[in-house]
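Observations on chain architecture
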Amino acid sequence: MNAAGPDATTRPRRRVSRAERRVTFWLKTLGLIAVAIYLLVGALQFLGNVKATALLFVVALFFAYMIFPLVRRLNERLPLGISILLVYLALVFVGVAIAQLLVPPLVTDVQDAAKTVPALVKHYTAVFADPANPLIHWLSPAERAYLATVPGQIGHFLQVNALDTAGRTFSVVLSTISVLAALIIVPVLAAYMLLDAENIKRGFLGLMAAKYRPKAETVIFELDKVVGGFIRGQLIDCSILGAMLTVMLFALHVPYALLIGVVSGALNFIPYAGAVIAFVPAVGLAFAYNGPTNALIVAALILVIHQIDGNFVSPRVLKENVGLSPFWIVLAILVGSELFGFPGTFLAVPAAAMLRVLREQLLPRPVVPVEAQPPVADANDGAAARRGPRR
């Protein structure tokens, strides 16, 4: 028996200062980010070794997330398998209708644009070489001579790397059996993902101790929410931006309006980039075909559309879904593109959103100044402490 009594073995807990809490919080955050980046690099390296299979899996995953809201709504009244089948039938009907409306004019625009490039190069070469041009008359002869070679360089780049490639892609892709295989494999994989999603989740939760399962289920729910929100938000944002640009260019009689609108909308999966991508070809074509006044109007309206997309459309369908501010979205894209190239550009935003979820769910939230203050002892508690324990 210890003669010194219980007070001799009981040591008061050391009070953790506010600075120590902050340092601990940020060390844990940096550690989590480092582990996540390490795992992401390893996953991307593995996926790089199985490119074809990984591409099919990623496309199927995105497709499953895209149709999940419709499947879930139908699944409230119908079995899951029938719900998936009905959604697939509706998508086939809509896809065939869209293909009949868009594919023929897009092919025509690509072929015509390839034929128009030499004439545009010749036109802009003459514009930049003209010494009476008020826009460049203040440049030196050497600078004007170099500027006159820029349209030819741009035209060669477009001819070799864009238009010819796009034309061959349309003709090859629409005639190869690989596309038919992908159109079969992707929906099948997506259907299996939807059918087995609950079983996969239950199996994962079964590997964990019972006390950790509620937190793990919350993390899975939040990750599923941000990834699905990003995919569906990007699809909606790209469609709205492409439609606005196409209608505006058609109204102002800019050639290849459909091609510019579809390409800029499709490339808008890099946030805030779709309207910028449309700016140069749209303004250049408007200037060449319709004059400087039309080009200025097109430039102004593209900036307006960019503002509408950046301030109203994108925040509602992207930022609110992934929970990231525009600053973090742009920073994630820059870091992802620097580390992993083009795939990193696309995967940067969902990866950053997933890191946000993990930080919020697995790390303690920052301590606010009020919470960091030591508790004020009640007068009765102080009197009781002075009296000592009851005997």
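This write-up is about the structure you can find in this document. (Residues numbered from 1 in each chain as written. Predicted model: local features only at pLDDT ≥ 70, side-chain atom pairs only at ≥ 80, totals over all residues. Heavy atoms only, no water.)

Here we look at the overall build of the protein
Rules: Helix numbering and strand numbering both begin at the N terminus, where a helix is a DSSP run of H or I of at least 4 residues and a strand a DSSP run of E of at least 2. Per-residue accessibility, obtained with a 1.4 Å probe over protein chains only, is compared with the maximum for each type, and a residue is labelled buried under 20%, exposed over 50%, and partly exposed between these values. Should any heavy atoms of two residues lie within 4.5 Å, those residues are considered in contact. Each accessible area is a Shrake-Rupley result for a 1.4 Å probe, and residues are judged covered by the shown protein chains and nothing else.
Each helix and strand counted, the protein has twelve helices and zero strands in total. Its helices and strands in sequence order give the protein the pattern α-α-α-α-α-α-α-α-α-α-α-α, from N to C terminus. Scored against the burial criterion, the 391 residues of the protein give a buried share of 28%. Taking as baseline every contact in the protein between residues at least 6 positions apart, the subset at least 24 positions apart corresponds to 71%. As presented, the protein carries roughly 25400 Å² of accessible surface, and 70% of it is formed by carbon and sulfur atoms.

Side note on the environment of Leu 102
Position of Leu 102 relative to the elements: it lies in helix α3 (residues 80-129). Residues Leu 102 and Val 262, spaced 160 residues apart in sequence, show a C-alpha to C-alpha distance of 9.3 Å.

Here's the deal with the packing of aromatic side chains
Here a ring pair, both rings aromatic, is described through the centre-centre distance and the interplanar angle of the planes. Here is the rule: In summary, the pairing rule links any two rings of Phe, Tyr or Trp, Trp by its six-membered ring, whose centres are within 6.5 Å, and it sorts them by plane angle into stacked for under 30 degrees, edge-to-face for over 60 and tilted for everything else.
Scanning the model with the defined rule gives one aromatic pair in all. Relative to Tyr 88, the ring of Phe 63 lies with its centre 5.8 Å away and its plane at 45°, an arrangement referred to as tilted. Here Phe 63 is found in helix α2 (residues 51-75), whereas its partner Tyr 88 is found in helix α3, with 25 residues between them in sequence. Neither residue differs from the other here; Phe 63 and Tyr 88 are each classed as buried.

Describing the pattern of salt bridges
Using the following cut-off: The term salt bridge refers to a pairing of a side-chain nitrogen on Lys or Arg with a carboxyl oxygen on Asp or Glu at a separation within 4 Å.
Applying the stated criterion across every chain, the model contains two salt bridges. Glu 217 is the partner of Lys 201 in a salt bridge, and the nearest nitrogen-oxygen pair spans 3.7 Å. Pair noted here: Lys 201 is in helix α5 (residues 177-206) and Glu 217 is in helix α6 (residues 213-251), with a separation of 16 residues, a long-range link. Lys 201 sits in the partly exposed class, given a relative accessible area of 23%. We classify Glu 217 as partly exposed; its relative accessible area is 38%. One continuous salt-bridge network, built from bridges that share partners, spans Glu 198, Lys 201 and Glu 217.

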